[in-house]
Amino acid sequence: DAGVIQSPRHEVTEMGQEVTLRCKPISGHDYLFWYRQTMMRGLELLIYFNNNVPIDDSGMPEDRFSAKMPNASFSTLKIQPSEPRDSAVYFCASLSLRDKGRGVGYTFGSGTRLTVV
Amino acid sequence: ELKVEQNPLFLSMQEGKNYTIYCNYSTTSDRLYWYRQDPGKSLESLFVLLSNGAVKQEGRLMASLDTKARLSTLHITAAVHDLSATYFCAVDIWDGNKLVFGAGTILRVKS
């Protein structure tokens, strides 16, 4: 299994531009999570999906952020318009509820390092 | 709201020494996770602790869980330089499936 795949690995964009981050979860996993990591705030949960349905988006900072999961193998996190304070590492993670019961944890992707200048 | 606190936040150790990282959490949960993160890298799962009294060991690291005290520990035995990394604990919410992370402990092992 290739694990959770995120793209791009690095993104540098100018303030005001639209940014789209992508995630492919592990096949068969029924939960998908988007986290943001910054020095100041640590790892924050932005939104998570169960079977492609958004369950909790209370961590999404503001309306500039949106996330979709059109099918079980793909999710996007979009920021429009981007601002310098959005600069962070964005991680996607996935989870199989069945595996969780057997003691397998959440699996994280390699992350996307976003820099907004 | 579930809160997870780790201490210390920074730990500088000599090689060969022992130390413990503590993780406290605020509400009922019986699943606790430890992750390791190297600079610029993703989070690597170290331990999944599923029940009260659970103890797991891998090499020089040993993790334990006391759900009554809402406390987990990560014990480092005879530290080596390769253990230098940031260590996170994370807790599931009681009736859901999302992780809340502690702030992380930056571990530096000096030769």
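A. Main features of the environment of Cys92 of chain A. Residue and element names in this part refer to chain A. Positionally, Cys92 belongs in strand β9 (residues 88–95). Placed 57 residues apart in sequence, Cys92 and Tyr35 show a C-alpha to C-alpha distance of 6.2 Å. Setting aside residues no more than four positions away along its own chain, Cys92 makes contact with Val4, Gln6, Cys23, Leu32, Phe33, Trp34, Thr107, Phe108 and Gly109.

B. Local environment of the sheet that holds strand β1 (residues 4–7) of chain B. All names here are of chain B. With antiparallel pairing, the five strands of this open sheet are ordered in space as β1-β3-β8-β7-β6. Both outer strands of the open sheet, β1 and β6 (55–58), are each paired with one neighbouring strand and no more. Averaged over neighbouring strand pairs, the angle between their axes works out to 15 degrees when direction is ignored.

C. Region of the structure containing the packing of aromatic side chains. One pass over the structure, following the stated rule, counts 13 aromatic pairs over all chains. With centroids separated by 6.5 Å and ring planes inclined at 35 degrees, the aromatic side chains of Phe33 of chain A and Tyr35 of chain A adopt a geometry described as tilted. Judged on exposure class, the residue Phe33 of chain A and its partner Tyr35 of chain A are both buried. Relative to Tyr33 of chain B, the ring of Tyr106 of chain A lies with its centre 5.3 Å away and its plane at 85 degrees, an arrangement referred to as edge-to-face. Within this pair, whereas Tyr106 of chain A is found in the loop between α1 (97–101) and β10 (107–108), its partner Tyr33 of chain B is found in strand β4 (residues 32–37), the two belonging to separate chains. Classification of Tyr106 of chain A as buried rests on a relative accessible area of 2%. An aromatic cluster is defined as three or more aromatic residues linked by ring pairs; in this entry it consists of Tyr31, Phe33, Tyr35, Tyr48, Phe91, Tyr106 and Phe108 of chain A together with Tyr33, Tyr35, Phe88 and Phe101 of chain B.

D. Representation of the state of the cysteines within the structure. Under the criterion given, the structure shown has two disulfides over all chains. What pairs with Cys23 of chain A in a disulfide is Cys92 of chain A, and their sulfur atoms sit 1.9 Å apart. When the S-S torsion is -70 degrees, as for the bridge of Cys23 of chain A with Cys92 of chain A, the disulfide is left-handed. Note that Cys23 of chain A is positioned in strand β3 (residues 19–24) and Cys92 of chain A in strand β9, a separation of 69 residues in sequence. As far as burial versus exposure is concerned, Cys23 of chain A and Cys92 of chain A are alike and both buried. One disulfide in the model links Cys23 of chain B with Cys89 of chain B; its S-S distance is 2.0 Å. Where Cys23 of chain B bonds to Cys89 of chain B through sulfur, the torsion about that S-S bond is close to 80 degrees, and the disulfide is right-handed. In this pair, Cys23 of chain B is assigned in strand β3 (residues 19–25) and Cys89 of chain B in strand β9 (residues 85–92), connecting sequence segments 66 residues apart.

Conventions adopted
Residues numbered from 1 in each chain as written. Chains lettered and ligands numbered in written order. Predicted model: local features only at pLDDT ≥ 70, side-chain atom pairs only at ≥ 80, totals over all residues. Heavy atoms only, no water. Helix = DSSP H or I, 4+ residues; strand = E, 2+ residues; numbered from the N terminus. Contact = heavy atoms within 4.5 Å. Pairing = 2+ DSSP bridges. Axes fitted to C-alpha atoms, helices over the stretch in contact; angles between N-to-C directions. Phe/Tyr/Trp six-rings, centres within 6.5 Å; stacked < 30°, edge-to-face > 60°. Buried < 20%, exposed > 50% of the residue type's maximum accessible area, 1.4 Å probe, protein only. Disulfide = S-S within 2.5 Å.

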